[in-house]
Amino acid sequence: MGVYILRRFGLMLLTLFGMSVLIFVMLRLVPGNISDILFESAGLVNPAEKKKIEAELGLDQPIIVQYWRWVSGLSRGDLGYAYVSEKPAIDEILPRIPITAKLASMALFFSVLFGVPLGVISAVKQNSPIDYLLRIVSLSGLSLPSFWLGLLILMGFVNYFGWIPIYSKPPDSFWTEVGLLAIPAAAVGFRSSALVMRLTRSSMLEVLRQDYIRTARSKGASNMAVNFKHALRNAVLPVVTIIGIEAAFLIGGLIVTETVFNIPGVARFLVEAIRWRDYPIVQNLVMFIAVVVVVINFLVDMAYAMLDPRIKYED
Amino acid sequence: MAIAGDHQAELNKAGANVSSRWGSVAFYIRRYPLGAIGALIFAVFVLTAIFAPLLTGFDPTSTNAKASLARPGAAGHHLGADFMGRDMFSRIIYGARISLAVGIGSTLLSCIFGVTIGLTSGYFGGWYDLIVQRVIDIMQSLPLLVMALVMAASLGPSLSNTIIAIAIPSIPNIARIIRSNTLQLREMPYVEAARAVGMGELSIAIRHVLPNTIAPLIVLGTAQLGSAILTEASLSFLGLGIPEPHPSWGRMLSESAAEYVRTAPWLVIFPGIAISLAVFGTNLLGDALRDILDPRQRT
Amino acid sequence: MALKKRAVLAMSAVAVIAAATSIGSSGALAQTAATPKQGGTLRIYHRDNPPSASVHEESTVSTNLPFMAIYNNLVIYDQTKPVNSAETIVPDLADSWAWDATNTKLTFKLHPGVKWHDGQPFTAKDVKCTWDKIAGKDKDSFRKNPRQIWYQNVKDIEVNGELEATFVLTRPQPALLAMLASGYSPVYPCHISTRDMRTKPVGTGPFKFVEFKQNESVLLKKNPDYFKVGKPYVDAIEMRIIANRSTRLLAFQAGEFDMTFSQDITIPLLKDMKSQAPKAICDITPQYVHRNLMVNRESAPFNDPKLRRALALAIDRKTFIDILTEGKGDIGGTMLPLPEGQWGMPPEELAKMAGYSNFEANLAEAQKIMGELGYSADKPLKVKVSTRNIAIYRDPGVILIDQLKKIFVDAELEVVDTTIWHAKAARKDYTLGMNLTGMSVDDPDAVLYENYACKSERNYTQYCNADVDKMIDAQSQELDKEKRKKLVWAIEQKLNDDLARPVIYHPRDATCWHPHVKGFVQHQNSIYNNWRLEDVWLDK
């Protein structure tokens with residue numbers, strides 16, 4: 001077991017190293033760099049001054065030198081300076097994380113709140129009208145473009161309440177913040193709750209077919225008891241896994257939602273930084289996302305290994 | 001082979017009357033009503049894309065000052081017109097081609113690479129497999145949309161680049177599933193038998209392993225198709241999708257249209273419905289195909 | 001002194017009312033009568049992230065709008081008068097100014113007792129520092145220096161004591177004052193580095209910089225020690241960046257903001273605004289960012305003058321205007337058209353421009369030329385129209401392609417990532433390009449040198465014609481405005497004949513604010529100069 005954990009930990013570091021190389025190279029394949037954008041905004045083309053900026057930012061160095069500077073800086077906890085704001089990158093990234101984290105956890109909360117019970121109901125009532133209805137609703141959750149949904153929500157609010165649920169000033173209390181984030185979180189959560197529901201349904205169905213469930217039933221346990229006590233307990237492991245992974249991947253959905261609802265989180269910031277070729281922001285933010293994903297995966301694997309004795313550690 | 005076998009098993013198990021081809025179709029419709037609806041939507045989607053020019057008299061790129069923001073039904077514009085006076089109905093009809101091109105193009109691309117990589121790494125194992133697995137790990141440590149965004153930015157805006165930008169981040173998932181499928185198949189008795197008879201490894205992989213990955217591949221592919229269409233829409237929304245003048249549904253409802261959401265809601269509602277319906281149909285179909293083809297996941 | 005200022009104000013109030021009736025803009029201007037109230041926060045939405053806070057280093061209204069209020073100029077276009085002209089230039093940091101007899105020395109007498117926001121005194125040295133930086137003479141130079149060409153004739157700045165500065169020119173250039181009065185010409189402090197000016201600027205203006213959060217917000221607060229006593233009226237200005245246009249429109253309509261971003265409301269969107277926020281005041285003004293065509297004259301096929309002529313004749317300007325601005329845009333040359341434009345061509349001059357009138361006949365001639373060159377509907381000329389991947393560039397591109405079909409040109413839109421657009425243009429890596437060109441001062445010197453002079457850095461198309469250069473110099477030194485106009489119109493004709501950068505149309509857009517915002521005037525012939533915001537107050 002100890003060896004397994006160590007091995008998985010090593011692989012995790014390897015993945016992160018790979019990610020750092022990948023994002024670094026990919027960014028430099030993108031046409032244009034920050035000096036192009038800066039000049040673009042001033043509407044100028046003067047090769048000499050452009051060279052000066054590139055030299056100032058170290059972009060004239062060989063790519064391997066640039067990479068070394070970044071990674072060695074990272075290991076000292078120095079993320080470099082953002083190109084656009086000319087402030088330490090860490091000061092640009094850190095303050096934006098909490099709001100995205102709050103949004104993501106609220107979305108996750110919604111998805112579990114609706115996804116799990118509805119998934120159970122759908123599985124238990126397999127092939128009944130309610131099952132069909134729930135399946136259709138969950139599938140539509142996976143089929144709507146999220147920005148479209150967000151836009152329709154905004155339009156509805158302005159039309160019917162004369163109020164717009166966007167982030168247009170910093171909230172002054174915890175509850176206003178919750179109120180502010182609830183609507184975008186629900187818009188994102190709709191999609192993830194559909195995912196969670198479908199997964200709960202299929203793993204419930206699998207468990208319901210197992211022998212011990214049949215045995216429990218034949219012994220006269222009530223339907224309710226069987227469904228919730230025996231079946232759900234066993235179906236929960238894969239569901240927890242998907243929730244864990246979904247938590248990390250929510251950030252993809254958040255990019256669009258943060259844009260529509262104008263929430264100043266990291267997801268939207270990443271898109272802007274890509275647009276501005278602000279390498280220090282993009283690199284570090286991508287690494288941050290990768291760390292979150294990889295660590296969650298690692299924890300999920302660990303949980304699995306501890307909870308499910310059937311896992312072979314040699315894999 | 002695998003499909004035919006599964007079909008037969010399915011039909012036999014249900015004790016259906018399978019004397020005619022139509023009989024089996026009727027059986028599937030009864031057995032998977034949602035899947036049938038999905039198949040129907042998907043068929044309409046594909047036929048629309050193929051026969052686009054026959055379905056509308058308007059050129060989707062032709063502008064007309066007089067028809068700017070025309071209401072649905074006005075001056076022959078069934079679904080109205082956008083602010084440049086371009087007919088919405090024909091743009092949606094032709095948009096089906098673009099969405100289908102993106103969906104099928106990126107799905108095929110990611111499946112070809114995914115299968116090749118998954119099959120070879122699962123079958124041959126060793127160092128090669130180890131490296132492939134690490135690369136997959138790396139690519140999967142970023143959300144798909146983030147990966148697609150960076151790709152789209154690197155490649156620049158065009159139809160083919162958008163297809164590539166969506167396809168590449170989708171490869172790891174396919175490769176991973178095909179690999180684990182291959183790992184199981186490699187241990188199958190008939191593969192051992194083929195090896196005993198002295199068949200070459202490569203021809204075993206192609207003749208015995210590859211055909212058996214088709215079923216999971218179809219399931220993966222349909223899911224991929226729907227998600228590719230949605231990813232394109234998101235990229236377009238973020239300004240990195242398919243550029244003008246291609247009538248992409250995603251861009252139609254995000255740029256120069258969303259602004260008119262209150263005065264000309266049809267500009268936003270119809271393309272949104274088109275995307276949602278196409279993806280919904282593909283997803284329904286995908287669910288049914290999974291039930292039929294992949295008995296381990298049967299619901 | 002105070003007396004003089006009050007007189008100026010009273011005069012401008014009269015002028016505003018006069019202008020409002022004569023130009024017939026939306027009646028937003030007849031509001032100067034009430035006494036301004038103090039206090040409140042002015043909330044404006046912003047459309048994108050300003051590249052930096054340093055006005056001298058940027059050339060986008062995205063920077064001017066949030067940061068102009070931090071600074072002062074030497075002179076400024078009267079904020080309360082809608083049309084900028086030589087007559088509306090009023091004192092800012094300079095109380096008075098005078099040319100010498102040779103018209104080559106311009107001396108400014110500076111206002112005494114002015115302090116920078118950090119408490120340091122403002123002196124004539126700061127004036128010298130600022131224009132030395134623009135000239136590249138200061139060690140702490142600008143990272144970008146887009147308007148250096150405006151001051152190409154400034155030889156030196158002479159400092160005479162604390163409160164007098166003289167611009168010494170190499171030759172007479174009456175337009176210098178016009179450029180100094182632009183929102184792009186603030187005075188910077190000597191003692192603050194250019195880098196700090198980009199991130200935490202210090203000025204003498206009515207508002208102090210508080211914070212600039214990337215992609216999120218810009219906050220300014222009232223400068224209590226502002227040298228113009230009693231101003232500004234609002235306590236703070238809060239600008240929030242909302243990149244998604246539908247979101248910000250809805251937010252304005254829901255009352256989240258007092259004001260839209262400058263000209264953020266296109267004409268087709270105005271209907272929406274009228275129905276959803278009927279009380280909002282929307283002022284439609286020219287953008288002075290004209291849509292134009294770049295033609296690569298050096299390589300096939302448009303190295304053929306006949307083909308260029310066919311192209312010039314085939315542009316249906318009116319259709320562009322009808323589709324994109326519901327008929328509200330204007331046809332003109334590179335200078336802003338009449339009536340707002342000070343240098344626009346009268347109808348009889350416009351009629352002389354090739355392709356500007358009698359479109360049907362032009363099209364027939366263009367088709368004939370194309371036929372002679374061997375093109376037909378079955379055998380079209382295939383070209384690519386390059387443009388940036390932004391809607392305001394793409395939309396006219398789509399229309400152009402539609403129009404080119406009529407002269408047997410099968411054009412395809414090539415959308416270029418916006419970061420490499422100018423570089424691509426500079427490499428001449430295009431056949432046709434759909435382009436936007438913005439002007440900040442309605443004066444021929446500012447417009448013509450920048451875009452058409454051989455040595456200008458912003459002359460992307462690298463159009464270079466020695467005759468035109470001479471003509472530009474000639475108009476620049478002309479002191480008589482009417483004579484200068486004639487010279488400018490001759491240049492317009494020449495540029496159009498050369499297809500230098502054929503102008504398609506000048507658009508108009510609207511800026512909207514809720515009726516409780518008082519004292520704001522959107523200038524009619526520049527969008528860059530009216531963001532000092534010291535006269536704005538909230539009637540709440």
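A brief look at the structure comes next. (Residues numbered from 1 in each chain as written. Chains lettered and ligands numbered in written order. Predicted model: local features only at pLDDT ≥ 70, side-chain atom pairs only at ≥ 80, totals over all residues. Heavy atoms only, no water.)

**Remarks on the interface of chain A and chain B**
- Between chain A and chain B, the contact holds 52 residues from the first and 46 residues from the second.
- Taken together, both faces of the contact between chain A and chain B bury some 4100 Å²; the carbon and sulfur share is 74%.
- Summed over the shared surface of chain A and chain B, the result is one salt bridge.
- The shortest N-O distance in the salt bridge between Arg 198 of chain A and Asp 287 of chain B comes to 2.8 Å.
- At the boundary of chain A with chain B, the tally comes to five residue pairs in polar contact (both at pLDDT 80 or more).
- Of all the secondary structure elements, the ones that give two or more residues to the side of chain A that touches chain B are helix H1 (2-29), helix H7 (129-143), helix H8 (146-161), helix H9 (174-208), helix H11 (223-260), helix H12 (266-275) and helix H13 (279-307) of chain A.
- Take the side of chain A that touches chain B: its biggest share by element is nine residues, from H1 of chain A.
- Across the side of chain A that touches chain B, the residue classes break down as 35 nonpolar, nine polar and eight charged. (Contact = heavy atoms within 4.5 Å. Buried area = accessible area lost by both parts, 1.4 Å probe. Salt bridge = Lys/Arg side-chain N within 4 Å of Asp/Glu carboxyl O. Polar contact = N/O pair within 3.5 Å; in protein donor to acceptor, adjacent residues only side chain to side chain. Helix = DSSP H or I, 4+ residues; strand = E, 2+ residues; numbered from the N terminus. Nonpolar A, V, L, I, M, F, W, Y, C, P; charged D, E, K, R; others polar.)

**A closer look at the sheet that holds strand E14 (residues 381-388) of chain C**
Residues and elements named next belong to chain C.
- The strand order across the open sheet built from five strands is E15-E14-E16-E13-E17, with neighbouring strands paired in mixed fashion. For this open sheet the edge positions go to strand E15 (409-416) and strand E17 (503-505), each flanked by a neighbour on one side alone. Across the sheet, the axes of successive neighbouring strands diverge by a mean angle of 30 degrees, strand direction being ignored. (Pairing = 2+ DSSP bridges. Axes fitted to C-alpha atoms, helices over the stretch in contact; angles between N-to-C directions.)

**Considerations on the environment of Val 260 of chain A**
- With respect to the helices and strands, the residue Val 260 of chain A is situated in helix H11.
- Not counting residues within four places of it along the chain, the set of residues in contact with Val 260 of chain A comprises Phe 147, Gly 150, Leu 151, Leu 154 and Ile 166 of chain A, Phe 237 of chain B together with Asn 244 and Thr 247 of chain C.

**Focus: the packing of helix H3 (residues 33-50) of chain B against helix H13 (residues 266-293) of chain B**
All names here are of chain B.
- Two numbers describe how H3 lies on H13: the axes approach to 7 Å, and their chain directions differ by 135 degrees. Viewed along their axes, H3 and H13 adopt a mutual orientation that is oblique. Both H3 and H13 take part in a crossing whose hand is left-handed. Facing Leu 34, Gly 35, Ile 37, Gly 38, Ala 39, Ile 41, Phe 42 and Phe 45 of H3, the residues of H13 in contact are Leu 277, Ala 278, Phe 280, Gly 281, Thr 282, Leu 284, Leu 285 and Ala 288.
- The residue inventory of the contact of H3 with H13, partitioned by class, reads 12 nonpolar, four polar and no charged. (Parallel < 35°, antiparallel > 145°, perpendicular 65-115°, else oblique. Left-handed = near helix turned anticlockwise from the far one by under 90°.)

**Points about the interface of chain C and chain A**
- Counting from both sides, the interface comprises 46 residues of chain C and, opposite them, 48 residues of chain A.
- Roughly 3900 Å² is buried in total at the junction of chain C and chain A, and carbon and sulfur atoms are behind 51% of that figure.
- At the surface where chain C touches chain A, the tally comes to four salt bridges.
- The salt bridge partner of Arg 143 of chain C is Glu 56 of chain A, with a shortest N-O separation of 3.7 Å.
- On inspection of chain C and its partner chain A, the count reaches nine residue pairs in polar contact (both at pLDDT 80 or more).
- Only helix H5 (194-199), strand E8 (207-213), strand E10 (236-241), helix H6 (245-253) and helix H13 (421-426) of chain C provide two or more residues apiece to the side of chain C that touches chain A.
- Ranked by residue count, the leading element in the side of chain C that touches chain A is H6 of chain C, at four residues.
- Across the side of chain C that touches chain A, the residue classes tally to 15 nonpolar, 15 polar and 16 charged.

**Structural notes on the environment of Gly 341 of chain C**
Residue and element names in this part refer to chain C.
- Note on placement: Gly 341 falls in the loop between helix H9 (317-325) and helix H10 (347-352).
- Each C-alpha atom, one on Gly 341 and one on Asp 443, is 9.2 Å from the other, the two residues being 102 residues apart in sequence.
- For Gly 341, the residues in contact, after removing those within four places along its chain, are Leu 336 and Asp 442.

**A short note on the sheet that holds E8 of chain C**
Residues and elements named next belong to chain C.
- With respect to topology, four strands assemble into an open sheet ordered E1-E10-E9-E8, the strand pairing being mixed. Pairing within the sheet leaves two strands with one partner each, and these edge strands are strand E1 (41-46) and E8. The average undirected angle you get between the axes of adjacent strands in this sheet is 15 degrees.
- Bridge analysis of E1 against E10 gives six bridges, and the strand direction is parallel. Looking at E10, one finds that Ile 44 is bridged to Met 239.

**Let's talk about the nonpolar core**
- Ranked by internal contacts, the top residues of the largest apolar core, which has 277 residues, are Phe 108, Val 127, Trp 131 and Phe 167 of chain C.
- Per-element accounting of this core gives the leading share, 13 residues, to H13 of chain A.
- Residues Leu 119, Ile 174, Leu 185 and Val 191 of chain B belong to the second largest nonpolar core, which totals 14 residues. (Core = buried A, V, L, I, M, F, W, Y, C linked by side-chain atoms within 4.5 Å. Buried < 20%, exposed > 50% of the residue type's maximum accessible area, 1.4 Å probe, protein only.)

**Observations regarding the pattern of salt bridges**
- One pass over the structure, following the stated rule, counts 54 salt bridges over all chains.
- The residue Arg 135 of chain A makes a salt bridge to Asp 131 of chain A at a minimum N-O spacing of 3.7 Å. Of this pair, Arg 135 of chain A and Asp 131 of chain A both sit in helix H7, four residues apart, roughly one helical turn. Like Asp 131 of chain A, Arg 135 of chain A is buried.
- As a salt-bridge pair, Asp 535 of chain C and Lys 231 of chain C come within 2.7 Å of each other at their nearest N and O atoms. Highlighted residues: Asp 535 of chain C in the loop between strand E19 (517-518) and strand E20 (537-538) and Lys 231 of chain C in the loop between strand E9 (217-222) and E10, separated in sequence by 304 residues.
- Taken together, the salt bridges that share partners define one network made up of Glu 56 and Glu 86 of chain A together with Glu 57, Arg 143, Arg 195 and Arg 198 of chain C.

**Quick notes on the pairing of strand E12 (residues 281-286) of chain C**
Residue and element names in this part refer to chain C.
- Most of E12 sits out of view: five of its six residues are buried.
- Note: E12 against strand E18 (residues 508-513), six bridges, orientation antiparallel. Each bridged residue has a counterpart across the sheet, and for Thr 285 the counterpart in E18 is Asp 509.

**Comments concerning the state of the cysteines**
All names here are of chain C.
- Within the structure shown, the criterion is met by three disulfides over all chains.
- The residue that forms a disulfide with Cys 129 is Cys 190, at a sulfur-sulfur distance of 1.9 Å. Handedness of the Cys 129-Cys 190 disulfide follows from its S-S torsion of about 105 degrees: it is right-handed. Here Cys 129 is found in helix H3 (residues 124-135), whereas its partner Cys 190 is found in the loop between helix H4 (176-180) and H5, with 61 residues between them in sequence.
- Classification of Cys 129 by relative accessible area gives buried; the value is 17%. (Disulfide = S-S within 2.5 Å.)

**As for unusual backbone geometry**
Residues and elements named next belong to chain C.
- Between Ala 300 and the following residue, Pro 301, the backbone shows a cis peptide bond with an omega angle of 0 degrees.
- Here Pro 301 shows up in the loop between strand E13 (289-295) and helix H8 (305-314).
- The omega torsion of the bond from Leu 338 to Pro 339 falls at 0 degrees, within 30 degrees of zero and hence cis.
- Not every positive phi belongs to a glycine, and Leu 499 is a case in point at roughly 50 degrees.
- Locating Leu 499 in the fold gives a position in the loop between helix H16 (481-497) and E17.
- Phi at Leu 533 is positive, roughly 60 degrees, even though this residue is not glycine.
- By relative accessible area, which is 3% here, Leu 533 ends up buried.

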